[in-house]
Amino acid sequence: MSCCCCPETQGARRLFSFLAKRHRKKYARRGFEASQKQLLAGITDAGIEGASLLEIGSGVGHLHQTLIERGARQAVGVDLAPKMLVEARASAVEREIEEQTSYVEADFVAVADSLESADITVLDKVVCCYPDADGLIHKSLDKTDRILALTYPRDRWYTHVFVAVNGLLMWLIRSDYRSYVHPPTTISKWIEEAGFRRRQRDTTWFWLTEIYERV
């Protein structure tokens, strides 16, 4: 089931558009977070020279743009939030890689069938933003020729508390956006049943970073 019209995804569209400039400024000040560094290292180790990239929930674009600078051939970024893509396009121009990037404003699950598959698919902190984890993961796998790389919350008591508090805050500001802690064991099972094996797993206190390779 697509969630393109779910209140949660429409709430995400509005919230992340509002945060777009802040995300780009945060990266300019601090660079990548620890989990993103793990993700980049794992993808690079898997081999990116000449690879095509698909980043789902691509935000302001710094992950796939960095991978292009490291040797990937081209990237497609898909994001719900239009202002995130405005920032991503501006960043690509600044980095002089606009010819190697293209962007789609959409709910990925709703448009996945119209997209080309890619060598490497990236979901950085996207699974936790989407209510239909089953649809998101399986559509992502369908579009992945070689490597699936993702970060999502660990299944710990404190991640559940954090998500619950975040939900309360969203309710207080009248936002429909909600975040989720989808079970890592279930996600791993789906990916492995699709013919992938895990080649890397790293953690921070909150995030789980995994790199899967098609067998």
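Residues numbered from 1 in each chain as written. Predicted model: local features only at pLDDT ≥ 70, side-chain atom pairs only at ≥ 80, totals over all residues. Heavy atoms only, no water.

Caption draft 1: Examining the overall build of the chain more closely. Each helix and strand in the chain was counted, giving eight helices and seven strands. Against the compact-globule benchmark of 17 Å for 215 residues, the chain has a radius of gyration of 16 Å, which places it among compact chains. When its C-alpha atoms are laid out on the principal axes, the chain stretches across 45 × 40 × 35 Å. Of all 215 residues assigned to the chain, the portion counted as buried reaches 54%. Residue pairs in contact within the chain that sit at least 24 positions apart in sequence constitute 72% of those at least 6 positions apart. With an accessible surface of roughly 10300 Å², the chain has 54% of that area assigned to carbon and sulfur atoms. (Helix = DSSP H or I, 4+ residues; strand = E, 2+ residues; numbered from the N terminus. Rg over C-alpha atoms; globule rule 2.2 N^0.38 Å. Buried < 20%, exposed > 50% of the residue type's maximum accessible area, 1.4 Å probe, protein only. Contact = heavy atoms within 4.5 Å. Areas by Shrake-Rupley, 256 points an atom, 1.4 Å probe, with all protein chains shown as cover.)

Caption draft 2: Looking closely at helix α7 (residues 157-172). Its 16 residues give α7 an end-to-end C-alpha distance of 23 Å, which sits within 8% of 22 Å, the value for a rise of 1.5 Å per residue. Taken together, the buried positions of α7 are occupied by Thr159, Val163, Asn166, Gly167 and Met170. Buried positions in α7, seen along its axis, are confined to an arc of 105 degrees and lie on one side of it. Seen from the open side of α7, the exposed residues pointing more than 90 degrees away from its buried face are Trp157 and Ala164. Count one or two residues on from α7 and you reach Arg174, which has phi positive near 65 degrees. (Expected span 1.5 Å × (residues − 1). Arc of directions from axis to C-beta.)

Caption draft 3: Expanded view of the sheet that holds strand β2 (residues 74-79). An order of β3-β2-β1-β4-β5-β7-β6 is seen for the seven strands of this open sheet, with the pairing classed as mixed. The two strands at the open ends of the sheet, each matched to only one other strand, are β3 (101-105) and β6 (196-203). The mean inter-strand angle of the sheet, taken between neighbouring strand axes irrespective of direction, is 15 degrees. As defined by bridge partners, β2 adjoins β3 across five bridges and the pair is classed as parallel. Bridge assignment links Val78 to a residue of β3, and that residue is Val104. Where helix α3 (residues 62-69) meets the sheet, it contacts β1 (52-56), β2, β3 and β4 (118-124), and its direction lies at approximately 170 degrees from that of β1. (Pairing = 2+ DSSP bridges. Axes fitted to C-alpha atoms, helices over the stretch in contact; angles between N-to-C directions.)

Caption draft 4: Examining the pattern of salt bridges more closely. Inspection of every chain in the model, using the stated rule, returns 11 salt bridges. Linking Arg199 and Asp45 is a salt bridge whose minimum nitrogen-to-oxygen distance equals 2.9 Å. Here Asp45 lies in helix α2 (residues 34-46) and Arg199 lies in strand β6, a separation of 154 residues in the sequence. By relative accessible area, Arg199 is classed as partly exposed at 31%. We classify Asp45 as exposed; its relative accessible area is 56%. Salt-bridge contacts for Glu210 lead to Arg198; the nearest nitrogen and oxygen are separated by 3.5 Å. (Salt bridge = Lys/Arg side-chain N within 4 Å of Asp/Glu carboxyl O.)

Caption draft 5: How the structure looks around the packing of aromatic side chains. Taken as a whole and assessed by the stated rule, the structure comprises five aromatic pairs. Ring centres of Trp205 and Phe206 lie 5.3 Å apart, and the angle between their planes is 70 degrees; this geometry places the pair in the edge-to-face category. What makes Trp205 exposed here is its relative accessible area of 57%. One aromatic cluster in this structure is built from Trp157, Tyr158, Phe162, Trp205, Phe206 and Trp207. Sitting above the plane of the Trp207 ring, Lys125 keeps its charged end 4.9 Å from the centroid. (Phe/Tyr/Trp six-rings, centres within 6.5 Å; stacked < 30°, edge-to-face > 60°. Lys NZ or Arg CZ within 6 Å of the ring centre and 35° of its normal.)

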